[in-house]
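# Per-entry structural report
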Amino acid sequence: MALLECRGVGMRFGGAVALYNVDVSARAGAITGLIGPNGAGKTTLFNCITGLLQPTSGTIELEGREITGLAPFKRARWGVARTFQRLELFTSLSVRENIRVAGDIRNRWARGARVDPRAETDHVLQLLGLTALADRDVAEIPTGMARRVEMGRALMTRPKILLLDEPASGQDERETEEFGELLLHLCDEGTAILLVEHDVSLVMKVCSLIQVLDFGSIIAAGTPAEIQTDQAVLDAYLGEEQKA
Ligand SMILES: Nc1ncnc2c1ncn2[C@@H]1O[C@H](COP(=O)(O)OP(=O)(O)O)[C@@H](O)[C@H]1O
Ligand SMILES: [Mg+2]
């Protein structure tokens, strides 16, 4: 059974259909890619999964339990965490404080399974390669590093599934490579990762399954090798992306 299962999800904004009958799943211990052109509906699907948007049709299940109608904070408690395409950080706080805050919040609800926020923060800083930047204001660090801070904040909740919305944008080639290793490490520990990303080589390298969204519909799903040779995907997305 997949950890996350979206079935027949539809989302309409007024007359505009942003998602149509979307089936997307993600397994524990695996990185699942969700790719597609700008405006395809990737961020909208993340908003439906996390509860920022209520889908107009379809269901979303986590570990076989339906979460479609739950408030965002309840989904977070059930183990759903995300990062944002547009960074959402506390710009007046340091790198360390931004991450630590999430641990304090988690401890308020995870009564039986509290973490030591200080030790956990140090662990996450190290895991993300942020230790040297820990005391800098997030406002003054490069975007690529700020994306890692956002991911650190998500990790502090010890999520079952991590939804990443274009995490490599702003990271250079070497940073992206390191980042890919980190994602593989996280999924080795059992986390499910759903990755929205335009860096095709990163997606092809780390994902075991890729689902392709175009104009709000899934047009293909398969292994990286299958996706790279799928004619519909080449026409809709990869052809353009690889020319660029
Ligand atoms: N809150 C909203 N209100 C109206 N339209 C929206 C809203 N959010 C997204 N859309 C529309 O839904 C479509 C999919 O957008 P989005 O999910 O951001 O695509 P992607 O993340 O794949 O680039 C776009 O046409 C976008 O304009
Ligand atoms: Mg988006």
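Because the structure is a prediction, the values reported are computed rather than measured. (Residues numbered from 1 in each chain as written. Chains lettered and ligands numbered in written order. Predicted model: local features only at pLDDT ≥ 70, side-chain atom pairs only at ≥ 80, totals over all residues.)

## Some points on helix α1 (residues 42-50)
Taking burial as the measure, the 9 residues of α1 include 8 buried ones, the bulk of the element. Of all the residues in α1, the buried ones are Lys42, Thr43, Thr44, Leu45, Phe46, Asn47, Cys48 and Ile49. Immediately beyond the C-terminal end of α1, within one or two residues, lies Gly51, with a positive phi of roughly 95 degrees. (Buried ≥ 20, exposed ≤ 12 C-beta atoms within 10 Å, placed from the backbone. Helix = DSSP H or I, 4+ residues; strand = E, 2+ residues; numbered from the N terminus.)

## Some details on helix α3 (residues 95-109)
Taken as a whole, α3 has its buried residues at Val95, Arg96, Asn98, Ile99, Arg100, Ala102, Gly103 and Arg106. Looking at the buried side of α3, the elements it contacts are α4 (117-127) and α5 (143-155). (Contact = placed C-beta atoms within 7 Å.)

## Looking at the nonpolar core
Core analysis: the biggest nonpolar cluster contains 66 residues, and Ile161, Ile193, Leu194, Leu195 and Val212 have the highest contact counts within it. Inspection of this core shows a minimum of three residues originating in each of domain 1 (1-79 + 160-244) and domain 2 (87-158). Those residues in contact with Ile193 that sit more than four places away from it in its chain are Ile31, Thr32, Leu162, Leu164, Leu183, Leu186 and Cys187. (Core = buried A, V, L, I, M, F, W, Y, C linked by C-beta atoms within 7 Å. Domains from an automatic or database assignment.)

## Side note on the environment of Pro117
Position of Pro117 among the secondary structure elements: in helix α4. For Pro117, a count of 18 C-beta atoms within 10 Å gives the class partly exposed. In this structure the C-alpha to C-alpha distance between Pro117 and Asn38, which are 79 residues apart in sequence, comes to 38 Å. Apart from residues lying up to four places away in sequence, Pro117 is in contact with Arg100, Gly103, Asp104 and Asn107.

## Quick look at the pairing of strand β7 (residues 161-165)
In terms of burial, β7 is largely enclosed, as 5 of its 5 residues are buried. The two faces of β7 match: Ile161, Leu163 and Asp165 on one face and Leu162 and Leu164 on the other face are all buried. With 3 bridges connecting them, strand β6 (residues 80-82) and β7 associate as parallel partners. Across the sheet, Val80 pairs through a bridge with Ile161, a residue of β7. Here β7 runs beside strand β8 (residues 192-196); their pairing, made up of 5 bridges, is parallel. Looking at the pairing, Ile161 lines up with Ala192 of β8. Between β7 and its parallel partner β8, the chain crosses via helix α6 (residues 173-188), and the hand of that crossover is right-handed. (Pairing = 2+ DSSP bridges. Right-handed = clockwise from strand over helix to strand, strands pointing away.)

## Here we look at the site of ligand 1
If you check the shell around ligand 1, you find Phe13, Ala16, Ala18, Gly36, Asn38, Gly39, Ala40, Gly41, Lys42, Thr43 and Thr44 and nothing else. Sorting the residues of the shell around ligand 1 by element identifies β2 (16-26) and α1 as the ones contributing at least two each. It is α1 that provides the largest number of residues to the shell around ligand 1, a total of 3 residues. Classifying every residue of the shell around ligand 1 gives 4 nonpolar, 6 polar and 1 charged. (Near = placed C-beta within 6 Å. Nonpolar A, V, L, I, M, F, W, Y, C, P; charged D, E, K, R; others polar.)

Geometry only, nothing functional implied.
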